[in-house]
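An overview of the molecular structure
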Amino acid sequence: MGKWLHNALKPTDIAGSGPHADMEALACLIEGKLGGDERKKLLRHLNRCGQCYEILHETMKDFNAEPSDAPNPIPWWKTRTIQALAASIALLVLIGGPLVYQFQARQSLITSVELILDQELKDIMLENDNLQWTNEKRIRRFISVLNKKGYRVKLFGRVVLSKPYYQVKSIFGPEEVLHIRIDDDVAYLDIKEAQ
Ligand SMILES: [Zn+2]
């Protein structure tokens, strides 16, 4: 178990890295049809990728929400598989560190996020070089991008950057990590190069 967890939680895996899980693979995982390395690989990705994790979470909710008098009730073994899967993901998330935020998000809105700055986020960052944003539309867009990535953040009406953001010129430049901390009505943003 220790070795397996160690393998599953390589610190070199940065949030969102690697190919995203497709729906078919997620469905197979939920139905318990995925085994061995494929299952491990997918769980590892899910632990690191808010987007896919959220999709899986929603899919599992759908499975559980189906009424029992439906024409094709879910067989008992499937329900068991889902519960076991939910437990193993919760465990990974708890030990995995950064995604503890996501786990807590089930109960409450998160006030601290760390994620890879992708093009969608960069576009918003580069709209202008103000160190403070109060533009409601821009903030709403920013929040909706975070939600789309699976981060249910506490709402805020103002954004404060620690320093101006400029796009890294080279496409081979290091990945950047966006740190967000929400306090009162303000989101504090800090961007650092990924280690
Ligand atoms: Zn993914």
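Look above for the structure.
Below is a short write-up of the structure. Quick caveat, the model's predicted, so the values are computed rather than measured.

1. Section: the environment of Leu126
Here Leu126 shows up in the loop between α7 (119–125) and β2 (132–133). With sequence-adjacent residues up to four places away left out, Leu126 is seen in contact with Tyr165 and Gln167.

2. Observations regarding the sheet that holds β2
If you walk across this open sheet you meet the 5 strands as β1-β4-β5-β3-β2, and the pairing is mixed. Looking along the sheet, the strands with just one partner apiece sit at the ends: β1 (112–116) and β2. Pairing between strand β3 (residues 158–161) and strand β5 (residues 186–193): 4 bridges, direction parallel. Bridge assignment links Val159 to a residue of β5, and that residue is Ala187.

3. Some thoughts on the side chain of Lys122
Structurally, Lys122 is set in helix α7. On the basis of relative accessible area, Lys122 is assigned to the buried category, the value being 16%. Those residues in contact with Lys122, other than ones at most four positions away along the chain, are Leu117, Tyr165, Gln167 and Glu176.

4. A look at the packing of aromatic side chains
The relation between two aromatic rings is expressed through the spacing of the ring centres and the mutual angle of the planes. Counted according to the given criterion, the structure contains 2 aromatic pairs. Each ring, one from Trp133 and one from Phe142, has its centre 5.5 Å from the other, and the planes form 75°; the classification is edge-to-face. No difference in accessibility class separates Trp133 from Phe142, as the two residues are buried. Relative to Phe156, the ring of Phe142 has its centre 6.2 Å away and its plane inclined at 65°; by these criteria the two rings are edge-to-face. Taken together, the positions of Phe142 in helix α8 (residues 136–148) and Phe156 in the loop between α8 and β3 put the pair 14 residues apart, joining distant regions of the chain. The exposure class of Phe142 is buried, given its relative accessible area of 0%. Classification of Phe156 as buried rests on a relative accessible area of 6%. The ring of Trp133 carries the charged tip of Arg138 above its face, separated from the ring centre by 3.9 Å.

5. Side note on the pairing of strand β4 (residues 176–183)
Of the strand pairs in this sheet, β1 and β4 are connected by 5 bridges, and their pairing is antiparallel. Bridging from a neighbouring strand, Val113 pairs with Ile180 of β4. From the end of β4 to the start of β5, which pair antiparallel, there are 2 residues, and Asp184 there has a positive phi angle of about 55°.

6. Some words on the coordination of the zinc ion
Protein coordination of the zinc ion is provided by His20 (ND1), His45 (NE2), Cys49 (SG) and Cys52 (SG), with donor distances spanning 2.0 to 2.3 Å. Geometry at the zinc ion is tetrahedral, judged from the 4 donor atoms that bind it and their angles of 104 to 119° at the metal. In the primary sequence, the donor residues of the zinc ion line up as H-x24-H-x3-C-x2-C. Here Cys52 lies in helix α4 (residues 50–65) and His20 lies in the loop between α1 (2–8) and α2 (23–30), a separation of 32 residues in the sequence. The class for Cys52 is buried, based on a relative accessible area of 2%.

7. Topic: α8
In this model α8 runs 18 Å from its N-terminal to its C-terminal C-alpha over 13 residues, within 8% of the 18 Å that 1.5 Å per residue would give. Inspection of α8 places Arg138, Ile139, Phe142, Ile143, Val145 and Leu146 among the buried residues, and these make up the whole buried set. End-on view of α8: buried residues confined to an arc of 155°, all on one side of the axis. Within α8, the exposed residues directed more than 90 degrees away from the buried face are Glu136, Lys137, Arg140 and Lys148. Capping the start of α8, Asn135 holds a side-chain oxygen 2.8 Å from the backbone nitrogen of Lys137, two or three residues further along. Positive backbone phi, approximately 100°, marks Gly150, located one or two places after α8.

8. Some points on the environment of Ile182
One can find Ile182 in strand β4. Judged by relative accessible area, which is 6%, Ile182 ranks as buried. Sequence spacing of Ile182 and Leu155 is 27 residues, and the spatial spacing of their C-alpha atoms is 8.3 Å.

What counts and how
Numbering of residues starts from 1 in every chain and runs along the sequence as written. Local features in this predicted model are restricted to residues whose pLDDT is 70 or higher, and side-chain atom pairs enter the listing and the counts only when it is 80 or higher, whereas totals over whole chains, interfaces and linings include all residues. The side-chain values count all of the structure's non-hydrogen atoms but skip hydrogen atoms and water molecules. Runs of E in the DSSP output that reach at least two residues are strands. Runs of H or I that reach at least four are helices, and both are numbered from the N terminus. Note on contacts: a residue pair qualifies if any of its non-hydrogen atoms lie within 4.5 Å across the two residues. The pairing criterion is simple: DSSP has to find at least two bridges between the two strands. Throughout this description, buried means an accessible area under 20% of the type-specific maximum (1.4 Å probe, protein chains only), exposed means over 50%, and partly exposed covers the range between. Here is the rule: rings of Phe, Tyr and Trp (six-membered ring for Trp) pair when centre to centre is within 6.5 Å. Planes less than 30 degrees apart are stacked, more than 60 are edge-to-face, and the remainder are tilted. The criterion is that NZ of a Lys, or CZ of an Arg, lies within 6 Å of the ring centre and within 35 degrees of the ring normal, and then a charge sits over that ring. Nitrogen, oxygen and sulfur within 2.8 Å of a metal are treated as its donors, or within 3.2 Å for sodium, potassium and calcium (Na, K, Ca); water is not counted, so a site can appear incomplete. Key to geometry: four donors with every angle between 85 and 135 degrees are tetrahedral; four donors are square planar and six octahedral where opposite donors lie over 155 degrees apart and all remaining angles lie between 65 and 115; all other sites are irregular. What a helix is expected to span follows from its residue count: subtract one and scale by 1.5 Å. Each C-beta atom gives one direction from the helix axis, and the arc is the one those directions make. Definition of a polar contact: a pair of N or O atoms within 3.5 Å, with one able to donate and the other able to accept a hydrogen when the atoms are protein atoms, and with sequence-neighbouring residues admitted only if both atoms are side-chain atoms.

Scope: geometric values only; no functional claims are made or implied.
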